[in-house]
Amino acid sequence: MIQEENETSLVKFTKLVSKYKKNPYIIGIAVALVILISTISYYNFNTAFAVEVDGVEIGIVKNKTDFKTVINEITDELKAETGSDVQVMDKVEFKKMKGFGHNITPEHELKDCLGSMLKYNVKAAVIVVSGQKAACVRDKDAAENVIEKVKTSFARNDGKSKLEEAEIEEEIVVKEDFLAPEEILDEENAIANIIRGTDEIKVHKVKKGESLWTIARNNKMTVGDLKKANPQIKNELIRDGQELNLIVPKPYVNVITKEVVEYNESIPFTTKVERDSNLWSWETRVKKAGTRGVKEIKAMVICKNGVETEREILEEKITKEPSAQIVSRGTKSAPSRGTGRFLWPVSGKITSLFGKRGREYHTGVDIGAPTGTYVKASDSGTVTFAGTSGNYGRLVKIDHGNGYVTYYAHNSKLLVSRNEKVEKGQTIARVGSTGRSTGPHLHFEIRKNGSPINPMGFFR
Ligand SMILES: [Zn+2]
């Protein structure tokens, strides 16, 4: 093709020469024209460039401008797609080719090929915390948005508190830079990244029979760390199939939040003790139950990454006063006075009654019972004697403080001692046959103002 064109020009030239050979002026112009056309033709048809991207030939172009148009088209498309400025990262080289008849790569082929292999960086915003790259986002606006949301992410948001101030302790800067598209996070992921302190994600699916402890051990963590990574766990309860995060968050930032919180606090009541002579000294009784008061509190709560570090009470208003609890405490000491009504001291059969017994006078009643049977105090009082006394054998005497004294004789064992206060029905001794006795029995005697009286008078 190219050669044919050249021949055509030559033929034209010969014709022109023969036609205008008498006019050298015209011939001069013609020669100049031919040279011009040839030069243009030469550059149009005889030059080509091999295009190399990162050392790999991808096609042949007629001139660099054509190729640059293709690149520009691709970058324009990428710009439209990413919404940002784009920087081609590959090294593009043109190598001039010698000779004729080069097979020029069609533009669309070149474009397809380049589009699939071109490495490019996108202009984005880098959030730098204390000199450390924490997250990359689309642009500065997105970065500012992310920073704002990281600040407020630690607020309680419980409807009862109002965020007054949120600040990041660390120095935080936003820089623009060209970055690989895969480095650029959407806002949500960028926030999570900054709060977690890493882009690493490690999830464990709970299997049957696993506990927090086994999972922690198998992943070289402590149970505390595992809980920190999974604040959703309550009471160590995990289910089969539940997904647990194994990365302990170490936020890039320390967010200090100041929140005004309003809440009610209960006020404890005081307790007043009143003496009550109707109660035993060991008895207390709530005479009037106390009620707790209520105060409305408005406080400034300062938190670091959501953990309270300080609380300042701004306002306090008592809406309900507490009312004191009144407790009665007994003053009555242990019973030392009898009731005047007697209890039968041992179960058994009467073997000898009170009164004349041959030449003797029997001062009590005898009650037959097996050795070891419990002997009970017939009424409340104070032990005035507990020991051995002649014919009585092992004897207990109880003064009931009302003129009556009771005797319990012939015991095998004494269970009380002198001066002890005893209550009606309390076990004081065990039946025996000590002293002047012919078999195990209790000799029970009641004395009024020192003189024995017939006990049977009380048991009718
Ligand atoms: Zn007797």
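Residues numbered from 1 in each chain as written. Predicted model: local features only at pLDDT ≥ 70, side-chain atom pairs only at ≥ 80, totals over all residues. Heavy atoms only, no water.

Notes on the sheet that holds strand β21 (residues 374–376)
Stage number 1. The sheet built from 3 strands is open, its strands ordered β21-β27-β25 with antiparallel pairing. Lying at the two open borders of the sheet, with one neighbouring strand each, are β21 and β25 (413–414).
Stage number 2. Of the strand pairs in this sheet, β21 and strand β27 (residues 427–430) are connected by 3 bridges, and their pairing is antiparallel. Following the sheet pairing, Tyr374 is matched in β27 by Arg430. (Pairing = 2+ DSSP bridges. Helix = DSSP H or I, 4+ residues; strand = E, 2+ residues; numbered from the N terminus.)

A look at a nonpolar patch on the surface
Stage number 1. Nonpolar side chains collect at one region of the surface, where Tyr25, Ile26, Ile29, Leu33, Leu36 and Ile37 lie side by side and expose about 590 Å² of accessible area between them.
Stage number 2. Tracing the sequence through the fold places Leu36 in helix α2 (residues 24–46). (Patch = residues over 30% accessible without salt bridge, like charges linked within 9 Å, V, L, I, M, F, W, Y side chains within 5 Å. Areas by Shrake-Rupley, 256 points an atom, 1.4 Å probe, with all protein chains shown as cover. Salt bridge = Lys/Arg side-chain N within 4 Å of Asp/Glu carboxyl O.)

Observations regarding helix α3 (residues 64–82)
Stage number 1. If you check α3, its first and last C-alpha atoms are 26 Å apart, about what 19 residues at 1.5 Å a residue would give, namely 27 Å.
Stage number 2. Every buried residue of α3 is accounted for by Phe67, Val70, Ile71, Ile74, Thr75 and Leu78. The arc that holds the buried residues of α3, viewed along the axis, is 125°, so those residues lie on one side. Opposite the buried face of α3, by more than 90 degrees, sit the exposed residues Thr65 and Ala80. (Expected span 1.5 Å × (residues − 1). Buried < 20%, exposed > 50% of the residue type's maximum accessible area, 1.4 Å probe, protein only. Arc of directions from axis to C-beta.)

Considering the coordination of the zinc ion
Stage number 1. Those protein atoms acting as donors to the zinc ion are His362 (NE2), Asp366 (OD) and His443 (ND1), and they sit at 2.0 to 2.1 Å.
Stage number 2. Here the donor residues of the zinc ion share one chain and are spaced in sequence as H-x3-D-x76-H. Pair noted here: His362 is in strand β19 (residues 360–362) and His443 is in strand β28 (residues 441–448), with a separation of 81 residues, a long-range link. For the pair formed by His362 and His443, the shared burial category is buried. (Donors = N, O, S within 2.8 Å, 3.2 Å for Na, K, Ca; no water.)

Here we look at the sheet that holds strand β2 (residues 56–61)
Stage number 1. Overall, antiparallel pairing links the 3 strands, which are arranged β2-β1-β4 in an open sheet. Two strands close off the open sheet at either side, each with one partner strand: β2 and β4 (92–97). The mean inter-strand angle of the sheet, taken between neighbouring strand axes irrespective of direction, is 30°.
Stage number 2. The pairing of strand β1 (residues 48–53) with β4 spans 6 bridges and is antiparallel. Looking across to β4, one finds that Val51 is bridged to Phe94.
Stage number 3. On top of the sheet, α3 reaches β1, β2 and β4; it is set at about 155° to β4, its chief contact.
Stage number 4. Against the sheet, helix α4 (residues 107–117) touches β1 and β2, its axis set at about 155° to β2. (Axes fitted to C-alpha atoms, helices over the stretch in contact; angles between N-to-C directions. Contact = heavy atoms within 4.5 Å.)

Describing helix α6 (residues 187–196)
Stage number 1. Along α6, the positions that sit buried rather than exposed are Glu187, Ala190, Ile191, Asn193 and Ile194. Buried residues of α6 fall within an arc of 160° about the axis and therefore sit on the same side.
Stage number 2. Gly197 sits one or two residues past α6 and shows a positive phi near 85°.

Overview of the nonpolar core
Stage number 1. In terms of nonpolar packing, the biggest core is built from 22 residues, with Ile398, Tyr408 and Ile428 touching the most fellow members.
Stage number 2. Counting residues per element, this core draws most heavily on β28, at 3 residues.
Stage number 3. Dropping the residues within four chain positions of it, Ile398 is found in contact with Ala377, Asp379, Gly381, Thr382, Val383, Thr384, Tyr404, Val405, Thr406, Tyr408, Val422 and Ile428.
Stage number 4. Among the nonpolar cores identified, the runner-up in size contains 19 residues, and Val137, Ala142, Ala143 and Val253 belong to it. (Core = buried A, V, L, I, M, F, W, Y, C linked by side-chain atoms within 4.5 Å.)

Overview of the packing of aromatic side chains
Stage number 1. According to the stated counting rule, one finds 9 aromatic pairs in the structure shown.
Stage number 2. Measuring from centroid to centroid gives 5.4 Å for Phe342 and Tyr404, while their planes differ by 85°, and the two rings are edge-to-face. Of this pair, Phe342 sits in the loop between β16 (325–332) and β17 (349–352) while Tyr404 sits in strand β24 (residues 404–411); the two residues are 62 residues apart in sequence, bridging distant segments of the chain. We note that Phe342, like Tyr404, is buried.
Stage number 3. Each ring, one from Tyr404 and one from Phe458, has its centre 5.6 Å from the other, and the planes form 85°; the classification is edge-to-face. One end of the pair, Tyr404, is in strand β24; the other, Phe458, is in the segment after β29 (451–453), and 54 residues separate them in sequence. (Phe/Tyr/Trp six-rings, centres within 6.5 Å; stacked < 30°, edge-to-face > 60°.)

Examining the pattern of salt bridges
Should their charged atoms come close, side chains of opposite charge can pair.
Stage number 1. In the structure shown here, the tally under the stated rule is 22 salt bridges.
Stage number 2. Note that Glu316 and Lys295 form a salt bridge whose closest N and O atoms lie 3.8 Å from each other. Separated by 21 residues along the polypeptide, Glu316 in strand β15 (residues 307–320) and Lys295 in strand β14 (residues 293–304) bring together distant segments of the chain.
Stage number 3. Residue Lys295 is classed as buried on the basis of its relative accessible area, which comes to 16%.
Stage number 4. Overlapping salt bridges, with partners in common, bring together Asp54, Asp90 and Lys119 in one network.

The values reported here are purely geometric and, on their own, carry no functional implication.
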